[in-house]
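# A structural walkthrough
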Amino acid sequence: MKGKFAMFRTVVSLFTRTPLHVGCGSSVGIVDLPVLRERVTGFPTVPGSALKGSLSDLFVEGEGENRKVNGAGLEIFGKQDCRGRVLIGEARLAAFPVRSAKQGFAWLVSPLTLARLGIACAEVNGLGEEEVFAAGGVALEGKVVLEEYPLTRRGEVPGAIVAALKGLCAEPLWQDTLAARLVVVSDTLMQYFAQNACEIAQHNKVDDEKGTVADGALFAQENVPSETLFVGEWLSDDEAQLANLCRRVAEANHLLQVGADATTGLGWCRLTLTHDNP
């Protein structure tokens, strides 16, 4: 029921068209610049602060030193002495692409990622560590081979799961090939692949004076692969402000650059907005 405390909600999916790097700072491990991950699950995540910064760019006006977020943007996102009217939540991992012996790659989901999306299906609970439900398109003689791991196929992915996931994202690749690429794995396998199957890109720092590679400046950067799906939500008690933000996204052709290295093509995402108002 709409009333004084009514909250308006938009579910937002981010489909990575290019690799994505939302970092968590430097590391002393093998990877110098890892991506930000959830502390408990180890899943890559896109925090609301990163999304908020990218979305605010849609409201920038002026040139050079005069570039700034306009009044409409400040109303939505807030300013130093006033909170914003729209809450931008984090986008959490929904489907993760992994190399497959058939179809090139498969999209992985698990009971946990499905439950987070509100998709309930008792058939997929209790999957063994070496079992999957998989689309026929990635099946190979009763097995599904993900990276170098052959897994036993228990059967087709339930149609209710395919239908629910398909409605989350309007990207043509997702719409056209999800039914042939979808694999439901155990939460343990989902965690393993999400932690170990991201891209590692090697970079060199260039000496500005010499224009050559600086000595000892090789570094490794972790990127979430393209074709990953994240899902989050935006909330507001002001329907007009939320609608204004969604309208700006539509005017930008539902494309948004998120995270680092925009000039080298990283972080371009397709946004799909689904309204769920009281």
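Further up the page is the structure itself.
Because the structure is predicted, anything quoted here is derived from the model rather than measured. (Residues numbered from 1 in each chain as written. Predicted model: local features only at pLDDT ≥ 70, side-chain atom pairs only at ≥ 80, totals over all residues. Heavy atoms only, no water.)

### So, the nonpolar core
The biggest cluster of nonpolar side chains holds 48 residues, and the ones touching the most others in it are Leu 146, Val 183, Trp 234 and Val 258. Each residue touching Leu 146, except ones within four places of it in the same chain, is listed here: Val 98, Arg 99, Ser 100, Ala 106, Leu 108, Leu 151, Val 183, Val 185 and Phe 193. If you look at the next biggest cluster of nonpolar residues, it comprises 25 residues, including Ala 94, Cys 121, Val 124 and Leu 168. (Core = buried A, V, L, I, M, F, W, Y, C linked by side-chain atoms within 4.5 Å. Buried < 20%, exposed > 50% of the residue type's maximum accessible area, 1.4 Å probe, protein only. Contact = heavy atoms within 4.5 Å.)

### Some thoughts on the pattern of salt bridges
Counted by the stated rule, this structure contains 11 salt bridges. Across the pair Arg 85 and Asp 237 runs a salt bridge whose closest N-O atoms are separated by 3.3 Å. Note that Arg 85 is positioned in the loop between β6 (82-83) and β7 (86-88) and Asp 237 in the loop between β16 (229-236) and α7 (239-251), a separation of 152 residues in sequence. (Salt bridge = Lys/Arg side-chain N within 4 Å of Asp/Glu carboxyl O. Helix = DSSP H or I, 4+ residues; strand = E, 2+ residues; numbered from the N terminus.)

### As for unusual backbone geometry
Even without being a glycine, Glu 147 presents a positive backbone phi close to 50 degrees. Inspection of the secondary structure assignment puts Glu 147 in the loop between β11 (143-146) and β12 (149-155). Judged by relative accessible area, which is 23%, Glu 147 ranks as partly exposed. In this structure, His 254 is a non-glycine residue whose phi angle is positive, near 60 degrees. One can find His 254 in the loop between α7 and β17 (255-257).

### Here we look at empty space enclosed by the protein
In the structure shown here, the tally under the stated rule is 1 cavity of 30 Å³ or more. The calculated volume of the largest cavity comes to roughly 40 Å³. In this structure, the largest cavity is lined by Val 12, Leu 14, Leu 51, Gly 89, Glu 90, Ala 91, Gly 232, Glu 233, Trp 234, Leu 256 and Leu 271. Among the elements of the structure, β1 (8-16) and β16 are those that each provide at least two residues to the lining of the largest cavity. Top element by residues in the lining of the largest cavity is β16. It accounts for 3 residues. Per-class residue counts for the lining of the largest cavity are 7 nonpolar, 2 polar and 2 charged. (1 Å grid on protein atoms, 1.4 Å probe; cavity = no way out; pocket = protein on both sides within 12 Å on 5 of 7 lines; lining within 4 Å. Points joined across faces, edges and corners; volume = space filled by probe spheres on them. Nonpolar A, V, L, I, M, F, W, Y, C, P; charged D, E, K, R; others polar.)

Coordinates in, geometry out; function isn't part of it.
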